[in-house]
Amino acid sequence: TSCELEEADPSLVKVKVFPNPSSGKITVEFKDVKEFSPENIFIINQLGYVVYKNPIINNKIKYNLDLTSLPSGVYILRLLNSKQFTPSIKFIVQH
């Protein structure tokens, strides 16, 4: 069996990542997610590898992530549920 995900309509979820650039400590905040119901936060490096995954608990809408262990570079944040993912949000980690 295969599982194919599709990109969610950008209007279904609004996501903010700040500060950008950051030293590795970022805040992820999202709203208007009722129809999307995100289940996980994924951080993806420039090579396309998932370097961080965090479950979304009880529809919490604000997360403070410590990514200081990641090397400096450009990363992509995506929220996923069982069927869809949000459009890519790029942010920079700068040490």
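*Asks:* Whenever I open this one, the sheet that holds strand β3 (residues 25–31) confuses me. Can you help?
*Replies:* In a beta sheet, neighbouring strands pair by backbone hydrogen bonds and run either parallel or antiparallel. Across the sheet, three strands lie side by side as β2-β3-β6; this open sheet has antiparallel pairing. With partners counted over all chains shown, the strands left at the sheet margins are β2 (14–18) and β6 (62–66), one partner each. The sheet shows a mean angle of 20 degrees between the axes of neighbouring strands, direction not considered. The sheet contact formed by β3 and β6 spans five bridges and is antiparallel. Bridging across to β6, T27 finds its partner in N64.

*Asks:* Is there a simple way to think about the environment of I92 in this case?
*Replies:* Within the secondary structure, I92 is located in strand β9 (residues 89–93). For I92, a relative accessible area of 35% puts it in the partly exposed group. Distance from I92 to P21, taken between C-alpha atoms, is 4.6 Å for residues 71 residues apart in sequence. Apart from the residues lying within four places of it in its own chain, the contact partners of I92 are N20, P21, S22, G73 and V74.

Cut-offs and rules
Counting restarts for each chain: residues are numbered from 1 in the order of the written sequence. Owing to the predicted nature of the model, reporting of local features is limited to residues with pLDDT of at least 70; listing and counting of side-chain atom pairs is limited to 80 or more, with chain, interface and lining totals taken over all residues. The basis for every side-chain value is the complete set of heavy atoms in the structure, and neither hydrogens nor water enter the calculation. Being paired, for any two strands, means DSSP has found at least two bridges between them. Helix numbers and strand numbers start at the N terminus; a helix is a DSSP run of H or I with at least 4 residues, a strand a run of E with at least 2. Convention adopted: a line fitted to C-alpha atoms gives each axis, helices being fitted over their contacting stretch, and angles between N-to-C directions are expressed from 0 to 180 degrees. Only protein chains enter the calculation, and the probe is 1.4 Å; a residue is then buried if its accessible area is under 20% of its type maximum, exposed if over 50%, and partly exposed in between. Should any heavy atoms of two residues lie within 4.5 Å, those residues are counted as being in contact.

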